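The residues making up each chain are set out below.
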Amino acid sequence: MKLAVNKKQFLGSWSLAERSTSAGGTVSILSSILIKASAESVILQATDIKTSVICRAAGVTVLEPGEAVFPIKMVSDLFKKAPGEEFTLDVDGGKVVLKAGRSKYNFSTYPVSEFPALPSSDEADVFCSIPAGELAKVLDEGTLAASAGEEFPLYLSSANLQIISSRLNIVSTDTRRLALSAAPVLDGKEGESALLPMKGIKELQRILGSLTPETEVKVLFDGAQFYFKTETLEFTVRRVESKFPPYEKILPKHSTLDVLTDRGELISALERVDVIVRDFNRMVVLDMAPESPFVLRGKAPDFGQAKEEIEAETVGDKLRIAVNSKFFLEALKVLRDPQVKLSFNGQSGHMSVRRGDGDDFLCLIAPINLSEEELKAFDSDLG
């Protein structure tokens, strides 16, 4: 195999494949990338067993077809630091010669026979089709409440994908909050659902960020895998063998108070209160009543107190409630809309965060339980 490589173009494809390898693993073959060069194209394959990617390499001219398994350790740095804009790769008998200008490097490859066979979507069923931009948006919003680490039960560090009424619903929870986002799709497999791990979803989000928003992504599935496929790549995520809890039971059916306000002003006010409480209990107390400003309060012993007021349209019963400022900020920031709607169902009910004019996103945040005396203390302390 012999290839002429445009370094800048090729490194984009190589980096995409490299992120799906197991760089810190003990199995060396999983810390490698398989290059398959034919007269038509050059294909890169990589896997860490839980995820895998097959992508078409850009910026490569095939001088002689063939295939080889390149170790990523040191080789990636050689590709990045090779002088000039182009280099050649000549593979023969398990040895590679890299030439870049007057520089020359030699390294060994792994046997192609040792590279694992990657899952194939050839026999998979269609889950849905959706533009990359829409998929990225619904993933950002719908995975908001998932735990970052690999926790048990497994659904805490996963996101549930399901097709309902020709919409892709993505849901996550860490038990203290729940996020749900939806987007219309084509060819949706009605009623089908699956759990995918957040580690794989995070990589999928990075891949989607490298695509144009209009790129059509075909989502396919079989009993073990989910496949995200475009014209130039296929990314595979192993499904989580668990079930998401029946979250529909806790979705609010009515509210006792609704608040509509400017999202940017609310974020700014909340961030200022968070300066006071973030190193203490991250608790912000919300005061809401019809024909009154929306008030946010926070305090930390031996540090200070904060009180913020912003304009809002408030309908319903007067309410004072405490919530986690971090969770509240994350829900507000994932939205990209000018207005936000907050809904409440009494002092013990979840706070609902929605778009000001849409029903395709919902974040439920559990309140912080405080006694009446603790809540009243904010009147005397902060006025």
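Keep in mind the model is a prediction, meaning the values are calculated, not measured.

(A) Region of the structure containing the overall build of the protein chain. Looking only at helices and strands, the protein chain has 7 helices and 26 strands in total. Taken across its 383 residues, the protein chain has 49% of its residues classed as buried. Excluding contacts between residues fewer than 6 apart, the proportion of contacts in the protein chain whose partners are at least 24 apart in sequence is 69%.

(B) Region of the structure containing the pairing of strand β12 (residues 167-173). Of all 7 residues making up β12, 6 are buried, and the element is well covered by its neighbours. As paired strands, strand β11 (residues 158-164) and β12 are joined by 5 bridges and run antiparallel to one another. Each residue of the ladder has a partner; that of Gln162, found in β12, is Asn169. Direction of pairing for β12 relative to strand β13 (residues 177-184): antiparallel, over a ladder of 7 bridges. Counterpart to Val171 in the pairing with β13 is Leu180. Adjacent in sequence and paired antiparallel, β12 and β13 are bridged by 3 residues, among which Thr175 carries a positive phi angle near 80°.

(C) Looking closely at the environment of Asp274. Along the chain, the position of Asp274 falls in helix α5 (residues 263-277). Judged by its relative accessible area of 5%, Asp274 is buried. Those residues in contact with Asp274 that lie beyond four places of it in its chain are Arg282, Ser325 and Leu329.

(D) Region of the structure containing the sheet that holds strand β6 (residues 66-71). A sheet is described by the order of its strands in space; here 8 strands give the open sequence β6-β2-β3-β4-β17-β16-β15-β10, paired in antiparallel fashion. Whereas interior strands pair on both sides, the edge strands pair on one side only; in this sheet they are β6 and β10 (125-131). Adjacent strand axes in the sheet meet at a mean angle of 15° when their direction is disregarded. Of the pairings in the sheet, the one linking strand β3 (residues 42-47) to strand β4 (residues 51-56) comprises 5 bridges and is antiparallel in character. Bridging from a neighbouring strand, Ala46 pairs with Val53 of β4. Contacting β2 (32-37), β3, β4, β6 and β17 (233-238), helix α1 (residues 7-18) runs over the sheet at an angle of about 165° to β4. Together, β4, β15 (216-221), β16 (225-229) and β17 form the strand contacts of helix α4 (residues 198-209), whose direction differs from that of β17 by roughly 165°.

(E) Here's a closer look at unusual backbone geometry. The phi torsion at Met74 lies on the positive side, around 75°, for a residue other than glycine. Mapped onto the elements of the fold, Met74 is located in the loop between β6 and α2 (75-81). Of note in the backbone geometry, Asp187 takes a positive phi value of approximately 55° without being a glycine. In this fold, Asp187 is placed in the loop between β13 and β14 (193-197).

(F) Up close: the side chain of Thr109. Relative to the elements of secondary structure, Thr109 occurs in the loop between β9 (103-108) and β10. Excluding residues that lie within four positions of it along the chain, Thr109 makes contacts with Ala68, Val69, Phe70, Pro71, Gly94 and Val96.

(G) Spatial organisation of the nonpolar core. Residues Phe70, Phe79, Leu168 and Phe228 are the most contacted members of the largest nonpolar core, which totals 62 residues. Core analysis: the next-biggest nonpolar cluster, separate from the first, contains 38 residues, Leu144, Leu257, Val323 and Ala331 among them.

(H) Fine view of the packing of aromatic side chains. Under the definition given, this model contains 12 aromatic pairs. Ring geometry for Phe70 against Phe79: centres 6.3 Å apart, planes inclined by 45°, an arrangement best described as tilted. A relative accessible area of 0% means that Phe79 is categorised as buried. Taken together, a centroid distance of 5.4 Å and an interplanar angle of 15° make the contact between Phe79 and Phe87 stacked. Of the residues examined, Phe87 reaches a relative accessible area of 2% and is grouped as buried.

Calculation notes
- Each residue is numbered by its place in its chain's sequence as written, counting from 1.
- In view of the model being predicted, local features appear only for residues whose pLDDT reaches at least 70, and side-chain atom pairs are presented and counted only at 80 or more, with totals across whole chains, interfaces and linings using the full set of residues.
- By convention in this description, side-chain values take in all heavy atoms of the structure and omit both hydrogens and water.
- Runs of E in the DSSP output that reach at least two residues are strands. Runs of H or I that reach at least four are helices, and both are numbered from the N terminus.
- Remark: exposure states derive from per-residue accessible area (1.4 Å probe, protein chains only) relative to the maximum for the residue type, with buried under 20%, exposed over 50%, and partly exposed in between.
- Should any heavy atoms of two residues lie within 4.5 Å, those residues are counted as being in contact.
- A pair of strands is considered paired only if DSSP assigns at least 2 bridges between the two.
- Note on definitions: angles span 0 to 180 degrees between N-to-C directions of axes, and those axes are lines fitted to C-alpha atoms, for helices only across the stretch in contact.
- Residues grouped as a nonpolar core are buried Ala, Val, Leu, Ile, Met, Phe, Trp, Tyr and Cys residues, joined through side-chain atoms within 4.5 Å.
- A pair of aromatic rings is counted whenever rings of Phe, Tyr or Trp (Trp by its six-membered ring) have centres within 6.5 Å, and the orientation is called stacked for planes under 30 degrees apart, edge-to-face for over 60 and tilted otherwise.

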